[in-house]
Structures are given as C-alpha cells and as structure tokens.
Amino acid sequence: MVSLSLTRSRIAALLGHTATDLATHGWEPLRSPLAAAIDRAADYWPGKGSVADDELTVAAWQALADYLRAEPHEWERTPGRTQADVIEALHGARGRLNFADSRDTGYVTGAIREAA
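Residues numbered from 1 in each chain as written. Predicted model: local features only at pLDDT ≥ 70, side-chain atom pairs only at ≥ 80, totals over all residues. Heavy atoms only, no water.

Asks: Could you clarify how one ought to interpret the packing of aromatic side chains in this entry?
Replies: Centre-to-centre distance and the angle between the planes together describe a pair of aromatic rings. All told, the structure shown has zero aromatic pairs when counted by the stated rule. Between the NZ or CZ atom of Arg81 and the centre of the ring of Trp75, over which it lies, the distance is 3.9 Å. (Phe/Tyr/Trp six-rings, centres within 6.5 Å; stacked < 30°, edge-to-face > 60°. Lys NZ or Arg CZ within 6 Å of the ring centre and 35° of its normal.)

Spelled out as structure tokens, the structure:
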C-alpha cells in the first residue's frame, strides 16, 4: 500500500477539484454543502474511506477555514452567499497554499504538520 504524505500541494489540488466539482454540479448549503463537496472531490466516503483520505479532507476543510477566518459551514450559510462566492473562496484558499508552498514560508494548515 502506498502512503502519500499530506502536503500543501495535495490539499491545494483537492480544493481546486472541489471548486471544479461545484462549478459542474452546483452548490447549495443544505443539499450540497462544502463538506460533502470536499469529500466527493476526494472520492472519500465517511466511514468507508481510508484514514489518509480522511486526513486530506480535514486538512482541506481547515485550509478553507484558515482562509475564510471562519467556520466554512457557518460561512456558506450566510444569507446572500452565492455559488460564485464559494468557488472564489475555494480558489483563494488554494492560491494561499500554493503561494505559501512557492515561497517556502512553512505555512501549514491548522494542526496539520508535514513530515520533514
């Protein structure tokens, strides 16, 4: 079994896939919330997926929370929030991770720490 490390680039890629998924399938905070979209983009099914995939989805959620400076589930339910806002936030969080990765600033989301 191959174990992939949890890197900023993998988290950023998942956020990008999530934005693409929402652009294709639509977003609605009660029927297709961000958490479900992140799981779907990672091909992760809670209770049936691997621990590594679970860690990746949690890290993507935390990266989005860090970018928004708010809990994503609360943020997405703000009245007037649009699908474009959600997709823009996903791209913003992705860009922040990619920028940090390119600058080698050591930015790592939340409590997630990469192996040295």
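Asks: Can you help me understand the pattern of salt bridges in this one?
Replies: A side chain with one charge may pair with a side chain of the opposite charge, provided their charged atoms come close. Under the defined criterion, the tally for this structure stands at three salt bridges. Residue Arg31 is joined to Glu28 by a salt bridge in which the shortest nitrogen-to-oxygen separation is 3.3 Å. Here Arg31 falls in the exposed class, since its relative accessible area comes to 70%. (Salt bridge = Lys/Arg side-chain N within 4 Å of Asp/Glu carboxyl O. Buried < 20%, exposed > 50% of the residue type's maximum accessible area, 1.4 Å probe, protein only.)

Asks: Would you mind going over the nonpolar core with me for this structure?
Replies: For soluble globular proteins, nonpolar side chains are generally found buried alongside one another. The biggest cluster of nonpolar side chains holds 27 residues, and the ones touching the most others in it are Ile11, Leu15, Leu22, Leu34, Leu64, Val86 and Leu90. Elements supplying a minimum of two residues to this core: helix H1 (8–25), helix H2 (34–41), helix H3 (51–68) and helix H5 (83–103). Element by element, the count of residues in this core is highest for H3, at seven residues. Apart from residues lying up to four places away in sequence, Leu64 is in contact with Leu34, Pro72, Ala89, Leu90 and Ala93. (Core = buried A, V, L, I, M, F, W, Y, C linked by side-chain atoms within 4.5 Å. Helix = DSSP H or I, 4+ residues; strand = E, 2+ residues; numbered from the N terminus. Contact = heavy atoms within 4.5 Å.)

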